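# Residue-level structure breakdown
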Amino acid sequence: MVSLNSFDEAINEIYQSFDDLEKSERLVSFLRQQQEISRDAIRELKKQKHDLATIFEITNQLNAKSLDLSQLESFIRKMVMGQFLVSNVWILRQESFDKVELTLCAQRIKSQSETLSVHPDSELGKWLSVQQDPFWLHQPECASFEVLTHLRKAGAFLGLPLKKTDKNSNIELKGLILLSEKLTKQAFSEEELHFLKILAQMTAISLHNCQLYHCSIIDGLTRVYTRGYFDVHLAQEINRLRRYGSASVQANLRYVSLVMLDIDHFKCLNDTYGHPFGDVVLQNFAKVLRGSIRTVDCVSRYGGEEFAIIFPETNKTNTIFLADRLREAVEKQIFSDPRNGGQVKVTASFGLATYPDDAEDVRSLIRQADQALYRAKESGRNRVMTA
């Protein structure tokens, strides 16, 4: 058998092997068709390989950024604009997970004075939940929804509902992505629409994962961090100082301070005014704390009516000042007596300790701050005590 090294050699071999030229040409024509089919199949496989690689990379990026809503939104916008050559991308999502409405967060519409939002249970929310594919904003049914009309006037052209199905097969609307027309004015191909549908599914899952993570680290009542998050964060701060801080040279010594605080006579408040009133006190107390600390500080609900605040890069002297300022802010709060509308005032006691001055590790730092809090209680409450 003659060894053939190319398709053209095979064609020549056919011509030489057949006396009937017409038969040879028919066979050659068939083989050329098969060759073209094979080439198309190879091109399609290469395209699918590229698409899968792109999806894999997008999935990795979504997972990496899925714990931060703003980062997730920024990545999706930039990726879609680059991948599909559109001039703009809008995303409606939950601004925070204690709000149900889907809001246009990053991209504001100049002509719209109010923030555009969609409630999942509204007529538009229900309509979006049943859409199986991307939809065009110039569809007649879109004209009946004011939000979509505003977005269309702003340049939105194509919509992608972000949906997730729960274990009971109920559809949860997680958001909405909208794309402008392509810069090239070309139509979106079927392959691109399919790709966008996959992207919408992945984004919905990422938003859901972000929500689950948020719920695991944020206390549902007070909206501050949970005890579990506090434990991890304090250990990270101590380890960071051990790694980068220098205890050998006093000028370079770095600190992390911990303040433990407790609402005074909280059990009495609950017994006198009821637990709903106690919840209101806890919520407002936490709100005061959140509004009075720096962005680098971390406030957590340690347990019951006890809270903890981590102050990175803050020595004891500065922490005493910050803690006393918090104490005064709490003292200024006035609540309404649910029984007769009278005034109810609340105070808190504070205990603080600083690493490495008062403790050598996480456990001893918590113990020192807690003991200082106990002394503040024993000394008359509504005061700051140090380790």
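Structure shown above.
About the thresholds
- Residues numbered from 1 in each chain as written.
- Predicted model: local features only at pLDDT ≥ 70, side-chain atom pairs only at ≥ 80, totals over all residues.
- Heavy atoms only, no water.
- Axes fitted to C-alpha atoms, helices over the stretch in contact; angles between N-to-C directions.
- Helix = DSSP H or I, 4+ residues; strand = E, 2+ residues; numbered from the N terminus.
- Parallel < 35°, antiparallel > 145°, perpendicular 65-115°, else oblique.
- Left-handed = near helix turned anticlockwise from the far one by under 90°.
- Contact = heavy atoms within 4.5 Å.
- Nonpolar A, V, L, I, M, F, W, Y, C, P; charged D, E, K, R; others polar.
- Salt bridge = Lys/Arg side-chain N within 4 Å of Asp/Glu carboxyl O.
- Buried < 20%, exposed > 50% of the residue type's maximum accessible area, 1.4 Å probe, protein only.
- 1 Å grid on protein atoms, 1.4 Å probe; cavity = no way out; pocket = protein on both sides within 12 Å on 5 of 7 lines; lining within 4 Å.
- Points joined across faces, edges and corners; volume = space filled by probe spheres on them.
- Phe/Tyr/Trp six-rings, centres within 6.5 Å; stacked < 30°, edge-to-face > 60°.
- Lys NZ or Arg CZ within 6 Å of the ring centre and 35° of its normal.

### So, the packing of helix 7 (residues 227-244) against helix 11 (residues 362-378)
Put simply, helix 7 and helix 11 touch, their axes get as near as 10 Å, and they point 115° apart. Overall, the two elements helix 7 and helix 11 adopt an arrangement that is roughly perpendicular. Of the two possible hands of crossing, helix 7 and helix 11 adopt the one that is right-handed. Together, Phe 230, Leu 234, Ala 235 and Ile 238 of helix 7 and Val 362, Leu 365 and Ile 366 of helix 11 make up the contact between the two elements. Its residues assigned to classes, the contact of helix 7 with helix 11 shows 7 nonpolar, no polar and no charged.

### Focus on the pattern of salt bridges
Scanning the entire structure with this criterion turns up 20 salt bridges. Of the charged contacts, one joins Lys 174 and Glu 172 as a salt bridge, the two residues approaching to 3.1 Å between their closest N and O atoms. Accessibility expressed as a relative area gives 25% for Glu 172, which makes it partly exposed. A salt bridge links Arg 327 to Glu 331; its shortest N-O distance comes to 3.4 Å. A residue pair is termed a helical-turn pair when its members lie 3 or 4 positions apart in one helix, as Arg 327 and Glu 331 do in helix 10 (residues 316-331) at 4 residues. In this structure Glu 331 comes out as partly exposed when scored by relative accessible area, which is 29%. Put simply, Glu 36, Arg 39, Asp 40 and Arg 43 are held in one network by salt bridges that share partners.

### Structural notes on the layout of surface pockets
Here the idea is plain: a probe the size of a water molecule rolls over the atoms and shows the empty space left. Roughly 620 Å³ of volume is contained in the largest pocket. Along its surface, the largest pocket is lined by 25 residues, and His 214, Ile 217, Ile 218, Arg 223 and Tyr 225 are the ones closest to its centre. For the lining of the largest pocket, the element with the highest residue contribution is helix 6 (residues 190-217), accounting for 4 residues. Broken down by class, the residue content of the lining of the largest pocket amounts to 14 nonpolar, 5 polar and 6 charged.

### Examining the packing of aromatic side chains
Going through the model one piece at a time under the given rule, you end up with 11 aromatic pairs. Between Phe 230 and Tyr 302 the ring centres are 5.5 Å apart and the planes differ by 90°, which places this aromatic pair in the edge-to-face class. Placement of the pair is Phe 230 in helix 7 and Tyr 302 in strand 8 (residues 298-303), with a sequence separation of 72 residues. Its relative accessible area of 0% is what places Phe 230 among the buried residues. A relative accessible area of 17% means that Tyr 302 is categorised as buried. An aromatic cluster of three or more residues is present, and its members are Trp 127, Phe 135 and Phe 145. Positioned above the aromatic ring of Phe 188 is the side chain of Lys 182, whose terminal nitrogen or guanidinium carbon lies 5.1 Å from the ring centre. Positioned over the ring face of Tyr 302 is Arg 227, at 4.0 Å from the centre of the ring.

Just distances and angles here, no functional claims.
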